[in-house]
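# Observations on the three-dimensional arrangement
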Amino acid sequence: NQSLKQRARLARRARTEVALAPETAAVPDRAASPESELASARDTARLRAAFEALPVRDRQVLQLRAEGLAYRAIASTLGMSLGSVAKSVARALGHLQAAREEAPRVRP
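Residues numbered from 1 in each chain as written. Predicted model: local features only at pLDDT ≥ 70, side-chain atom pairs only at ≥ 80, totals over all residues. Heavy atoms only, no water.

Moving on, we get to the overall build of the protein. Broken down by element type, the protein carries five helices and zero strands. Going residue by residue from the N terminus, the α and β elements of the protein occur as α-α-α-α-α. Evaluated residue by residue, the protein yields a buried proportion of 20% over its 108 residues. Put simply, 48% of the contacts in the protein that link residues at least 6 apart link residues at least 24 apart. If you sum the accessible surface of the protein, you get close to 8500 Å²; carbon and sulfur atoms cover 55% of it. (Helix = DSSP H or I, 4+ residues; strand = E, 2+ residues; numbered from the N terminus. Buried < 20%, exposed > 50% of the residue type's maximum accessible area, 1.4 Å probe, protein only. Contact = heavy atoms within 4.5 Å. Areas by Shrake-Rupley, 256 points an atom, 1.4 Å probe, with all protein chains shown as cover.)

This is the structure:
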């Protein structure tokens, strides 16, 4: 019984590996077009400028949050209240979202 189960398991694995083999799968070309690369570079520049325009405290809070710190740890590190951290994160993300949406998108 054990050997039959193992044989069936190996057969299933072999079928799965053949089905998922990269050389047989039809994968669409994921290379970015020059237009989408340009749009991406513009988006990055716009977001970077928006980030740099944030008040220093908002930038610090957002950086610490991006590093994975919890709100309570950020509050302790920067000497702020928990509510101030939450408001700062929301305000900073709102500014970045507005900057991201201000320019029309170029579709690839």
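After that view of the structure, there is still more to cover.
Another aspect to go through is the pattern of salt bridges. Tallied over the entire structure, the rule returns three salt bridges. We note a salt bridge from Arg-46 to Asp-43, for which the minimum N-O separation is 2.4 Å. Within this pair, Arg-46 and its partner Asp-43 are both found in helix α2 (residues 34-53), separated by three residues, close to a single helical turn. The exposure class of Arg-46 is buried, given its relative accessible area of 17%. Between Arg-91 and Asp-58 there is a salt bridge; the shortest N-O distance is 2.9 Å. Here Arg-91 is found in helix α5 (residues 82-101), whereas its partner Asp-58 is found in helix α3 (residues 56-66), with 33 residues between them in sequence. (Salt bridge = Lys/Arg side-chain N within 4 Å of Asp/Glu carboxyl O.)

What follows concerns the packing of helix α4 (residues 71-78) against α5. Two elements in contact, α4 and α5, have axes whose closest approach is 9 Å; the angle formed by their N-to-C orientations is 105 degrees. What the angle tells us is that α4 and α5 run roughly perpendicular. Contacts from Tyr-71, Arg-72, Ile-74 and Ala-75 of α4 reach α5 at Leu-82, Val-85, Ala-86 and Val-89. (Axes fitted to C-alpha atoms, helices over the stretch in contact; angles between N-to-C directions. Parallel < 35°, antiparallel > 145°, perpendicular 65-115°, else oblique.)

Here Met-80 shows up in the loop between α4 and α5. Taking the C-alpha atoms as reference, Met-80 lies 9.9 Å from Val-61; in sequence the two are 19 residues apart. Other than its neighbours up to four places away in sequence, Met-80 contacts Arg-57, Val-61, Ala-75, Val-85 and Ser-88.

Our next topic: the nonpolar core. Within the largest apolar cluster, eight residues are counted, these being Val-61, Leu-64, Ile-74, Ala-75, Leu-78, Met-80, Val-85 and Val-89. Looking at this core, the elements with two or more residues in it are α3, α4 and α5. Per-element accounting of this core gives the leading share, three residues, to α4. Sequence-distant contacts of Leu-64, defined by excluding residues within four places in its chain, comprise Leu-69, Ile-74, Thr-77 and Leu-78. By size, the runner-up hydrophobic cluster in this structure holds seven residues, among which are Ala-50, Leu-62, Ala-92 and Leu-96. (Core = buried A, V, L, I, M, F, W, Y, C linked by side-chain atoms within 4.5 Å.)

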